[in-house]
Amino acid sequence: ALVGFVLLGYLMKKGEGAVRRYQDGLDEIGAVAHETVTAFPLVKTFGAANIIIERALAAFRRFCTETGAWIDQALIPSTWFQIITTATPAVVLPVGLWMYASDALDLSTLLFFLVVSIGLGNVFFTLGTLSHRLMNQRDILDRLHGLLSETPLSMAAVPETPQDTT
């Protein structure tokens, strides 16, 4: 199980940039979607729909490429983490049976450690998932901190209401 956590640490360090690029891609897609929806009447009026559609498609292609790279980068290490952390009984059982056969361990102790090893595998897997989620939350917190540290826009001395809002 400890080998799984070493692998998880390596995976998280290696994947930080990919997670950031994934988040940036989501931001870009959101911005392009907002721009498309808000500018559509203007785009339709001037017949420039191809331009905005190409920008949206380019953003989606970049996002798909980044997401695919992230999956390719994380698939093998995360699979090994899952195998290692949940395979604890596969180690405990043969070693325990060997110790039981050589009278170094009684049956109740073997069963106790087998049951505990099954539970520990699930705990380690859950801790690994939690650490991945915490890494994502840290990135979100960094983005929020950056947003909140921006200087506010200046306010007009006298608020104005637009005459026509269409």
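These lines cover the structure that appears in this document, whether it is placed above or below.

Cut-offs and rules
Residues numbered from 1 in each chain as written. Predicted model: local features only at pLDDT ≥ 70, side-chain atom pairs only at ≥ 80, totals over all residues. Heavy atoms only, no water. Helix = DSSP H or I, 4+ residues; strand = E, 2+ residues; numbered from the N terminus. Buried < 20%, exposed > 50% of the residue type's maximum accessible area, 1.4 Å probe, protein only. Contact = heavy atoms within 4.5 Å. Areas by Shrake-Rupley, 256 points an atom, 1.4 Å probe, with all protein chains shown as cover. Axes fitted to C-alpha atoms, helices over the stretch in contact; angles between N-to-C directions. Parallel < 35°, antiparallel > 145°, perpendicular 65-115°, else oblique. Nonpolar A, V, L, I, M, F, W, Y, C, P; charged D, E, K, R; others polar. Expected span 1.5 Å × (residues − 1). Arc of directions from axis to C-beta. Core = buried A, V, L, I, M, F, W, Y, C linked by side-chain atoms within 4.5 Å.

Glancing now at the overall build of the protein chain. A count of helical and extended segments in the protein chain gives four helices and zero strands. Traced from its N-terminal end to its C-terminal end, the protein chain shows the element sequence α-α-α-α. Burial analysis of the protein chain (166 residues in total) assigns 22% to the buried set. Taking as baseline every contact in the protein chain between residues at least 6 positions apart, the subset at least 24 positions apart corresponds to 79%. Carbon together with sulfur atoms contributes 70% to the accessible area of the protein chain, which is approximately 12,200 Å² in total.

With that settled, the discussion passes to the packing of helix α3 (residues 88–101) against helix α4 (residues 107–148). It is the contact of α3 with α4, at a shortest axis distance of 9 Å, that shows an interaxial angle of 170 degrees. On the basis of their axis angle, the class for α3 and α4 is roughly antiparallel. Judged by residue contacts, Thr-88, Pro-89, Val-92, Leu-93, Gly-96, Leu-97 and Tyr-100 of α3 engage Leu-107, Leu-110, Phe-113, Leu-114, Ser-117, Ile-118 and Gly-121 from α4.

Turning to the packing of helix α2 (residues 49–86) against α4, a few remarks are in order. Between α2 and α4, the shortest axis-to-axis distance is 8 Å and the interhelical angle comes to 155 degrees. The orientation of α2 relative to α4 falls into the category roughly antiparallel. Contacts between α2 and α4 involve Trp-70, Phe-81, Gln-82, Thr-85 and Thr-86 from the former and Gly-121, Phe-124, Phe-125, Gly-128 and His-132 from the latter. Looking at the contact of α2 with α4, its residues break down into four nonpolar, six polar and no charged.

When the terminal C-alpha atoms of α3 are compared, their 20 Å separation across 14 residues agrees well with the 20 Å that a helix rising 1.5 Å per residue should span. Among all positions of α3, only Thr-88, Pro-89 and Gly-96 are buried. Down the axis of α3, the buried side of the element spans an arc of 75 degrees, and every buried residue falls inside it. Among the exposed residues of α3, those pointing more than 90 degrees away from its buried face are Ala-90, Val-91, Trp-98 and Ala-101. Buried residues belonging to α3 abut α2 and α4. A positive phi of about 60 degrees marks Asp-103, the residue just after α3.

Membership of the largest hydrophobic core is limited to five residues, which are Ala-18, Val-19, Trp-70, Ala-74 and Met-135. Once residues within four sequence positions are removed from consideration, Val-19 is found in contact with Trp-70, Met-135, Asn-136 and Asp-139.

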